[in-house]
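Structural description and commentary
Residues per chain, in single letters:
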Amino acid sequence: MSQPKSLLIELGTEELPPKALDELSQAFLDGIVQGISKRGIEGALDEARAYCTPRRLAVHVPAVASTQPEQQVERRGPALNAALDAQGQPSKALLGFAQSCGVEVAQLEKLETDKGAWFVFRAVKPGQPLAALLPEIVGEALKGLPVPRPMRWADHDYAFVRPAHWLVMLHGADIVDGELLGLKSGRKSRGHRFMHPNPVHVTDADGWLDALRAAKVLADPLERRERVRAEVARAAATIGGEPRLDPALLDEIANLTEWPAAIACAFERDFLAVPPEALVTTMETNQKFVPVFDPSGALTEHFIGIANIESKEPAEIRKGYERVIRPRFADAKFFWDADLKTPLAGYQESLKNVTYQQALGSLWDKSVRVAELSRVIAARVGVDAGAATRAASLAKCDLLTRMVGEFPELQGVMGRYYARHQGEPEAVAQALDSYYQPRFAGDAIAADAVGRVLAVAERLDTLAGIFAVGMKPSGNKDPFALRRAALGLARTLVEAGLELDLRASFAEALELLPDSALAAGLRPGKDGKPPALDAGARRATLLGELVDFVYDRLRGYYADLGFTSEQFEAVLSVAPTTLPDFDRRLRAVAEFGRREEAASLAAANKRVANILRKAEEDTGQAPGGAVERACFESPAEHELADALDAALADTAAPRAAGDYTAVLARLAQLQAPVDAFFDSVLVNAEDARVRANRLALLAQLRRQFAQIADIGRL
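Residues numbered from 1 in each chain as written. Predicted model: local features only at pLDDT ≥ 70, side-chain atom pairs only at ≥ 80, totals over all residues. Heavy atoms only, no water.

**Quick notes on the side chain of D433**
With respect to the helices and strands, the residue D433 is situated in helix 14 (residues 426–434). For D433, a relative accessible area of 10% translates into the label buried. Non-local contacts of D433, meaning those with residues more than four positions away in its chain, are made with G412, V413, R416 and R439. (Helix = DSSP H or I, 4+ residues; strand = E, 2+ residues; numbered from the N terminus. Buried < 20%, exposed > 50% of the residue type's maximum accessible area, 1.4 Å probe, protein only. Contact = heavy atoms within 4.5 Å.)

This is how it looks when you write it as structure tokens:
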């Protein structure tokens, strides 16, 4: 077999969508690697690398064999009882099978299994050369790319994400012949569209990256990102500011350029009167520019544009960037000035004309419900109820402003600016923005008390309402982002330590919903008509679904923090009233699980639970009641009873304070008397009174642990 050689595949195209480029590149790599692996071709597949630019997708695999190894072929034919007739002669089925395999019946083998016997054909097939298999491998990889709307061009029958223009397939220095998307493979790549428009001769697979670099194309996306960072830093040094290069913006710029070059630019300082978030959104989202701040964190009049060319006249590019951003900023300033003429409260009446959801009413109706929930929640957690209610009544008003109409991502942010500018209390203004938090995975919860109250109230109403109308998430579909809302609700309650009864809070949210919303989620009967609404029963059903939905989100949240599913279920089984209480119990259980006594006590708790359940099944009554020491027959019973009494006394104070770690640490000392009890005491004694007393003692043991969690689940 010849020496393995590097393999290169490059497909050149029109400009690929920048936000999809990384996903396309990774999928192309995965498809190539899987295709090579599936065919048994040896190669350093773990070292395969994906490369991409706006105009190409490429894969490089070092050390790929030139041919497949020999292939073991096995085809199963007809079963033995169908392959031979009564005289033992081959049936038509067997003769046809042998003919399809190109052999005589005598050359077939028999396969004996516990499910029967079959004729089989076995052979060794020579491995095919890589050159013969590669076009098929690449074709499969291209078909497997995540392309929701493929394009067609010219009069071809095939389609792709963008029109394709060149194809390079090299194994070492050898061209691998093939045709894909109407392109014949060769060794001619293409360099930068403007700085090196001529074809690029690629000598071999390993020289491709350097050949493109010489042609002003950085095909390695990591290298391109580093150049963007370096260019931004260089340009910022010339203007004395601190650029903010958002990671998502960095990725997009890198996927828009093949040879990035930074240009320092500026705009009129008058535009700085507009809230900086609006200007930054315009720069980053619309123009892909990098904003520049001063050392205090204030936005400056400078920004950095990234060109896809090293221009001989960078001043002309700068003028173009400044010219294109000016009307955008002028629009933002117009929106800001115009919006300030109407107080936020002036938009409340207009909220009645904006439908939130047909059965749930308008944004005004939602605001009224959220305001009432905010008032109740604020009173319970010691927050200014007036401020919370005011914030709730204004929370949706900025949705009707011109600025948010143009930049929807600024909802909340602009509400804060307008409220502050119009003299609303700072607590109210801050809450209008912070209640959206957490906005995304890893984002912090609201830092202010009123914002936290409003965040909880908003999510309670959203979850209750959308569940009620029958639009809860199913599969991957979650158009109202209810999973994110549930996790945001749970995180706010836990991380802010808000001691709110989750079930009772959802019950209050459901009570505020109109009956029309409750009825909207009912499925029609066989006659096609909706069943009569039993509002109480409907709310009870929804309440259970909502609480379960939140806990399902918490499972993932705590799993990411390192807690096990057994620890989570141990606490969930005792149904804590509030999520901060759930959190304290879970952390205590995790701490308890690290103790030496944990395994023994967990096993004992499980054993006790089984004994008590069996006793209840036999008698129809749960064991319990007072423990009679006069019925003790063993020192182990006295020792366990004394230990339980002492533990109960010692844990009263920490239990009342919610210090569950201290409680479980004290209960861990019960290991020795519990083990001694089970070693020397027969629970199911013949004497009914003694048996009942021992069951009562075990029930007392279980209650002490069960007040924290079901330790037996560990």
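**Some remarks on the sheet that holds strand 15 (residues 290–293)**
Spatial ordering of the open sheet is given by 13-15-16-14, a layout of 4 strands whose pairing is antiparallel. The sheet is open, and its two edges are formed by strand 13 (242–243) and strand 14 (261–266), each paired on a single side. Here 2 bridges tie strand 13 to strand 15, and the two strands are oriented antiparallel to one another. Residue pairing in the sheet places E242 in a bridge with F293 of strand 15. Contacts from helix 8 (residues 276–287) reach strand 15 and strand 16 (299–307), with the element oriented near 10 degrees to strand 16. (Pairing = 2+ DSSP bridges. Axes fitted to C-alpha atoms, helices over the stretch in contact; angles between N-to-C directions.)

**Some thoughts on the pattern of salt bridges**
One pass over the structure, following the stated rule, counts 59 salt bridges. Notably, a salt bridge pairs D478 with R483, separated by 3.8 Å at the nearest N-O pair. Put simply, K366, R369, K396, E458 and D461 are held in one network by salt bridges that share partners. (Salt bridge = Lys/Arg side-chain N within 4 Å of Asp/Glu carboxyl O.)

**Remarks on helix 19 (residues 535–560)**
For helix 19, spanning 26 residues, the distance from its first C-alpha to its last is 38 Å, which sits close to the expected 38 Å at 1.5 Å a residue. With its phi angle positive at about 100 degrees, G562 sits one or two positions after the end of helix 19. (Expected span 1.5 Å × (residues − 1).)

**Some details on the packing of aromatic side chains**
Applying the stated rule across the entire model yields 20 aromatic pairs. In textbook terms, an aromatic cluster arises when at least three aromatic residues are bridged by ring pairs, as seen for F267, F271, F289, F303, Y321 and F329. Geometry around W364 places K352 over its ring, the cationic atom sitting 5.0 Å from the centre. Here the basic side chain of R416 rests over the ring of Y417, its NZ or CZ set 4.8 Å away from the ring centre. (Phe/Tyr/Trp six-rings, centres within 6.5 Å; stacked < 30°, edge-to-face > 60°. Lys NZ or Arg CZ within 6 Å of the ring centre and 35° of its normal.)

**Digging into helix 11 (residues 385–394)**
Buried residues of helix 11: A387, A388, A391, A392, S393 and L394, and no others. Structurally, helix 11 contributes buried residues whose contacts are with helix 10 (363–381), helix 14 and helix 15 (449–468). Where helix 11 begins, the capping side chain belongs to D384, and its oxygen is found 2.9 Å from the backbone nitrogen of G386. (Polar contact = N/O pair within 3.5 Å; in protein donor to acceptor, adjacent residues only side chain to side chain.)

**As for the sheet that holds strand 1 (residues 5–13)**
The 5 strands are arranged 2-3-1-7-8 in an open sheet whose pairing can be described as antiparallel. Taken across any chain shown, the strands that pair with only one partner, and hence form the sheet edges, are strand 2 (49–53) and strand 8 (174–175). In this structure, strand 1 lies alongside strand 3 (residues 56–64), joined through 7 bridges in antiparallel fashion. Following the sheet pairing, I9 is matched in strand 3 by V59. Its contacts with the sheet put helix 1 (residues 18–38) on strand 1, strand 2 and strand 3, and the angle it makes with strand 3 is roughly 35 degrees.

**Structural notes on the packing of helix 6 (residues 221–239) against helix 7 (residues 247–254)**
At a minimum axis distance of 9 Å, the contact between helix 6 and helix 7 shows a crossing angle of 115 degrees. Between helix 6 and helix 7, the crossing angle belongs to the class labelled roughly perpendicular. Considering only the axes of helix 6 and helix 7, their crossing is right-handed. Residues R224, R225, V228 and R229 of helix 6 form the contact with helix 7, whose own contacting residues are L250, D251, I253 and A254. When grouped by side-chain class, the residues that make up the contact of helix 6 with helix 7 number 4 nonpolar, no polar and 4 charged. (Parallel < 35°, antiparallel > 145°, perpendicular 65-115°, else oblique. Left-handed = near helix turned anticlockwise from the far one by under 90°. Nonpolar A, V, L, I, M, F, W, Y, C, P; charged D, E, K, R; others polar.)

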